[in-house]
Amino acid sequence: MRIHITDAGAITMLEPANFRGLDILIDPQPEDRLTRQIARIGRREGDGHIRIAPGVLRFLSPLAGDPGWDAGFDAMIAHAVRAGWVDDAGAVRAHVTWSDPPAAIDPDDFRRTLRRLAAGVCAVTTGTPANPAGLVASSVVSISAEPPLIGVFVNGASSALPMILQNGLFAANVLGCRHSDIVRDFMTQPQGSRRFGDADWQAGALDLPVLASALAVMECRIVTTETLGTHRLLVGRIVQTATREYQPMVHFNGVTRRLEGEAA
Ligand SMILES: Cc1cc2nc3c(=O)[nH]c(=O)nc-3n(C[C@H](O)[C@H](O)[C@H](O)COP(=O)(O)O)c2cc1C
């Protein structure tokens, strides 16, 4: 099995059912970030090894709890004990492998390419109607119907992010073609009542600010988050929905537009 400390910020287990070896693959990344990543899973031992507790390996394995995997894993740890790779605290010594730098994609190329992806636009809100915060986001995605999960990717520099994380709740208000004033106010006004202007905000089931005229509203409790590059993925479990029928707002090629024409 192999633990991958990615340069995206995520730590994942690769080849979880391969019990013949254990190593840690590390993507090139700034030293301070790497030190923090390693501290999440264990501790460094020289340049070539990391000590990692079996419990951390279990936590990272997508197969933990499966009887076949558990037996193979226990046998691997027993073998490591006999070989002298496990210290008094029970932590296993894992060899570090450095990955090659991935082929670089220029950020301008990234933006030019992603502008081709048409997306709906949401006002993602948190706080309460009296003390609201939020951002405009086109990255709201459907994840799962059972349980009902959606995701949104929020820039780590967004002024709304600390309040969303502290609150543990957000509402995704899907904007319609009549909501260009909301996008303008969210992009130009500071957090609080000025950003929310005089649009038809009201209290939702979780006391979040929800837009009465939104095409759809999804009020969510955050179930997990992950830092990925410059953004934080927030996964929310939907606890309340509302929908309306009219034309959506669509973000395409750097511009918010109306949806025109017939079905493709
Ligand atoms: C159409 C549109 C879509 C956007 N989508 C996102 C998004 O998905 N995630 C994000 O973090 N910011 C997104 N932004 C940028 C944020 O709305 C905003 O610029 C950012 O939160 C920083 O500003 P603030 O701190 O004043 O909120 C989008 C902006 C626009 C106009």
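Note: the structure precedes this text.
Residues numbered from 1 in each chain as written. Predicted model: local features only at pLDDT ≥ 70, side-chain atom pairs only at ≥ 80, totals over all residues. Heavy atoms only, no water.

S.K.: When you look at the site of the ligand in this model, what are you seeing that I'm missing?
M.R.: Close to the ligand lie 15 residues; Val136, Ser139, Asn155, Ser159 and Arg195 are nearest. In this structure, an oxygen atom belonging to the ligand sits 2.6 Å away from a side-chain N or O atom of Ser139. Phe153 places a polar main-chain atom, nitrogen or oxygen, 2.8 Å from a nitrogen atom of the ligand. Out of a free accessible area of 620 Å², the ligand has 74% covered by protein chains. Residues of the shell around the ligand, tallied by class, amount to six nonpolar, eight polar and one charged. (Near = heavy atom within 4 Å. Polar contact = N/O pair within 3.5 Å; in protein donor to acceptor, adjacent residues only side chain to side chain. Areas by Shrake-Rupley, 256 points an atom, 1.4 Å probe, with all protein chains shown as cover. Nonpolar A, V, L, I, M, F, W, Y, C, P; charged D, E, K, R; others polar.)

S.K.: Where do I start with the sheet that holds strand β16 (residues 231-243) in this structure?
M.R.: Strands pair in a sheet through their backbones, by hydrogen bonds, and they do so in one of two ways: parallel or antiparallel. Read from one edge of the open sheet, seven strands run β9-β8-β12-β15-β16-β11-β10, paired in antiparallel fashion. The open sheet is flanked by β9 (131-137) and β10 (141-144), the only strands paired with a single partner. The mean angle between the axes of side-by-side strands here comes to 35 degrees, regardless of whether they run parallel or antiparallel. Pairing of strand β11 (residues 149-155) with β16, which is carried by seven bridges, proceeds in the antiparallel orientation. Across the sheet, residue Ile150 finds its bridge partner in β16, namely Gly236. Docked against the sheet, helix α6 (residues 180-188) engages β8 (122-128) and β9, running at close to 105 degrees with respect to β9. (Pairing = 2+ DSSP bridges. Helix = DSSP H or I, 4+ residues; strand = E, 2+ residues; numbered from the N terminus. Axes fitted to C-alpha atoms, helices over the stretch in contact; angles between N-to-C directions. Contact = heavy atoms within 4.5 Å.)

S.K.: How should the side chain of Asp27 be read in this particular structure?
M.R.: As for its position among the elements, Asp27 is in the loop between β3 (23-26) and α1 (31-41). A distance of 3.0 Å separates a polar atom in the side chain of Asp27 from the backbone nitrogen of Asp7. Only 2.8 Å separates the side chain of Asp27 from the side chain of Ser99, close enough to count as a polar contact. Apart from residues no more than four positions distant in its own chain, Asp27 is found in contact with His4, Ile5, Thr6, Asp7 and Ser99.

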